[in-house]
Amino acid sequence: MRMLKRVGRLVMREREHINYILHRCISSPAIYDVANRSIPLLQDTQLDGFTEDHRSTYYKLEKKTKKESDFDIAVRNFTNLSIEMKKQNINQKELTSVSSGDIVNLHELLFTKNRDYLIKFNGDQVKAEQFADKVIVIYFVLLPLVDNNSAERVGLITERLKDVYNFLPPNKGFEIVFVAVDDDDTSFEEEMLFDPLPKTDLENDFEEVFSCMPWTAIPLSDRTSRERLQKRFGFRDKNGSLFVIDSTGVVLQTIVISDFKRYGSLGYPFSNERLKSLESECKAIAAEPTVEKLLSSPERDYVISNNGDKVPIHTLEDKVVALYFHAGNVTETDMLTEELRNVYEELAEKEVKFEVVLLYLCDTPITIGFRNEDSFWRTFGTMPWLALPYKDPILKKLKIIYKFPEDYIYGDDEEISKLVIVGPHGEFCEPCGADILLNYRVPGYPFTREKALELETERIKKLKLEMILETNKVLTRNDGSKVSLSQLAGKRIMLLFGLFEDEFLNMLKERYLSMKSTDGEFEVIHIYVSDTDDVVDPPAWFVYPLPKGFRYASDIIPAAFDKRYFRQEEIYDVGDRRRLLAFDRDGMIVRDSAFPTIEDMNFPFYTSGLEKEALLELDSVFHWYEWEDTESWNREAGYIGPNQSCG
């Protein structure tokens, strides 16, 4: 029933277009094809007001159509057809549009001889002289709103503008003017056989949209002024457009939705010079980040506690500080918050100099319109650490510096909370702190990738061969000969778990045979699950098929040495299907890899060591270094090692 009503509303709104379509559908094969698929799906009651000729054409089309689709297809076909026909007519017109650097006379565009004011939703009139010496944003919105998606997009843009408008003080000289653009195409009027319906949807949507705006608007009744503005600026974007004009009438920016999203009020007055300067500021801070540079502003040199106390930022300079980007993924964020709380309290008991600053995000697709100052204080009130004030403009700068996943205005990117760890006096800056804290907890302090690698390497060095296979274990070669593991004492041994690529096995076989009976001799033991792994080994080395009940061959390795990592609510087991362990003559482990290669002539055929292979495995899970080869300004500005952006 809801779909029927939506189809009915669309068709009634586009009735004049359907008349035009019905006249054209016989003469145009392309239009006929769409109409042929769509019109039979509409209810007969929706043809009220059509002439008998129109009804006749409709029923002819209905008879020709044998396939029935759902009403969504009908709506889409009719909408696409209407839009395409509008585009064709628009392309035939020469619309005058402005570009950056053009000069416009805003007074003549915004006001008339009979109206020297703009209106606010509460009924106040703002006189023309009050717009002098101000930066003006012309905000076009296409009305009526055709569907929920349109309403959401307009609401998203409006919320971003409100953040800028409400934060900039009156003396900054900034104003926004809402201009409603009628969603009708006058090119159809010559062929209409009856007058269009009253635009009640336009009036209702104007009131609904304008009620959310604290700024001014051209009165809806002044259609002449609205059309004049539309023609002068060349607006034809159903998703809304913004034009920024300075106090002298120079157009600074056109269609700058992305600029307001990226910079917020920091971008004022939104000239190219200001935006370039802001990018340079971010680049300079990224090169030499300190807590004070990252968190302070000309208006504020403090952060706050949840009881409202102001804590000077300079008191944090000798601490490790975690900047907590609190995103909208509820499950993942709650989990990170809980683990962070546990770590925070344990480090506090040990009197470790560690602090957390909450960055409460309100401008992402998931959070915008759903978070407010009350929710900020409710959330912050449960946390024992500090925070930036609600909707502080510095949040925009921090998102730029640390490439917090961009929330595009027409799509929802994944929002994952993030911890950026800043060392005392800016000694290091680690954007991957959340991964490290969740996987290593307190031992991972100060939560850098270097510390994670150190822990991984120390852990694997404790693994001994006898922890995996008992010394009295009898091993069998593929040729049938048997030997006890104790008889291999003092030899180099390589353990293979699971399945390996033929190229690797062939290269290893060459090394194995060529080094037999030499000082470089080593033994290979291939461990696999007998009923699941299809293994064909050379007859020279040992095989150890595991009995049923094992999922992976690596399951016989003690759990303390597994390669399971937690990321974004999931467990990743790097070494489950394939893993190589190599032990030297003294029984010390010299290699551990889930992605083994042969890069050297000598055992264990890899010279970079345990730490390098651990790094490769961690990166396969967390994508810590996926930006390594890019030329983003983050890397040029000094993002190396722990300062490098994470995936």
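Provided above is the structure to which this section pertains.
What counts, and at which threshold
- Residues numbered from 1 in each chain as written.
- Predicted model: local features only at pLDDT ≥ 70, side-chain atom pairs only at ≥ 80, totals over all residues.
- Heavy atoms only, no water.
- Helix = DSSP H or I, 4+ residues; strand = E, 2+ residues; numbered from the N terminus.
- Buried < 20%, exposed > 50% of the residue type's maximum accessible area, 1.4 Å probe, protein only.
- Areas by Shrake-Rupley, 256 points an atom, 1.4 Å probe, with all protein chains shown as cover.
- Phe/Tyr/Trp six-rings, centres within 6.5 Å; stacked < 30°, edge-to-face > 60°.
- Lys NZ or Arg CZ within 6 Å of the ring centre and 35° of its normal.
- Axes fitted to C-alpha atoms, helices over the stretch in contact; angles between N-to-C directions.
- Left-handed = near helix turned anticlockwise from the far one by under 90°.
- Contact = heavy atoms within 4.5 Å.
- Nonpolar A, V, L, I, M, F, W, Y, C, P; charged D, E, K, R; others polar.
- Pairing = 2+ DSSP bridges.
- Right-handed = clockwise from strand over helix to strand, strands pointing away.
- 1 Å grid on protein atoms, 1.4 Å probe; cavity = no way out; pocket = protein on both sides within 12 Å on 5 of 7 lines; lining within 4 Å.
- Points joined across faces, edges and corners; volume = space filled by probe spheres on them.

Peer 1: How would you explain the overall build of the protein if you had to name every residue and give the values?
Peer 2: Across its full length, the protein holds 20 helices and 23 strands. Evaluated residue by residue, the protein yields a buried proportion of 53% over its 647 residues. If you sum the accessible surface of the protein, you get close to 31,100 Å²; carbon and sulfur atoms cover 49% of it.

Peer 1: Help me get a handle on the packing of aromatic side chains, residues and values and all.
Peer 2: Following the criterion strictly, the structure yields 34 aromatic pairs and no others. Taking the centre distance of 6.4 Å and the plane angle of 50 degrees together, the rings of tyrosine 139 and phenylalanine 178 count as tilted. Taken together, the residues tyrosine 139 in strand β3 (residues 135-143) and phenylalanine 178 in strand β4 (residues 174-182) connect sequence positions 39 residues apart. Members of the aromatic cluster, joined through ring pairs, are Phe121, Tyr139, Tyr165, Phe174, Phe178, Phe206, Phe210, Trp215, Phe260, Tyr268 and Phe270. Its end group placed over the ring of tyrosine 360, arginine 371 keeps NZ or CZ at 4.4 Å from the ring centre.

Peer 1: Pulling in residues and values, what's your account of the packing of helix α11 (residues 272-287) against helix α15 (residues 394-401)?
Peer 2: Put simply, α11 and α15 touch, their axes get as near as 10 Å, and they point 65 degrees apart. Every pair of crossing elements has a handedness; the one defined by α11 and α15 is right-handed. Of the residues in α15, those touching α11 at Leu278, Glu279, Glu281, Cys282, Ile285 and Ala286 are Lys397, Ile400 and Ile401. In terms of residue class, the contact of α11 with α15 is made up of six nonpolar, no polar and three charged.

Peer 1: Help me get a handle on the pairing of strand β18 (residues 522-529), residues and values and all.
Peer 2: Where burial is concerned, most of β18 is hidden: eight out of the eight residues are buried. Here β18 shows two buried faces, one formed by Phe522, Val524, His526 and Tyr528 and the other by Glu523, Ile525, Ile527 and Val529. Bridging between strand β17 (residues 492-498) and β18 involves six bridges; their strand directions are parallel. Across the sheet, residue leucine 495 finds its bridge partner in β18, namely isoleucine 525. In this region the chain leaves β17, passes through helix α18 (residues 502-514) and returns to the parallel neighbour β18; the handedness of that crossover is right-handed. Of the strand pairs in this sheet, β18 and strand β19 (residues 542-546) are connected by five bridges, and their pairing is parallel. Bridge pairing links valine 529 to leucine 546 in β19.

Peer 1: Can you break down empty space enclosed by the protein residue by residue, with the values?
Peer 2: A complete count under the given rule lists five cavities of 30 Å³ or more for this structure. If you add up the space inside the largest cavity, you get close to 70 Å³. With four residues, helix α17 (residues 449-461) is the largest single contributor of residues to the lining of the largest cavity.

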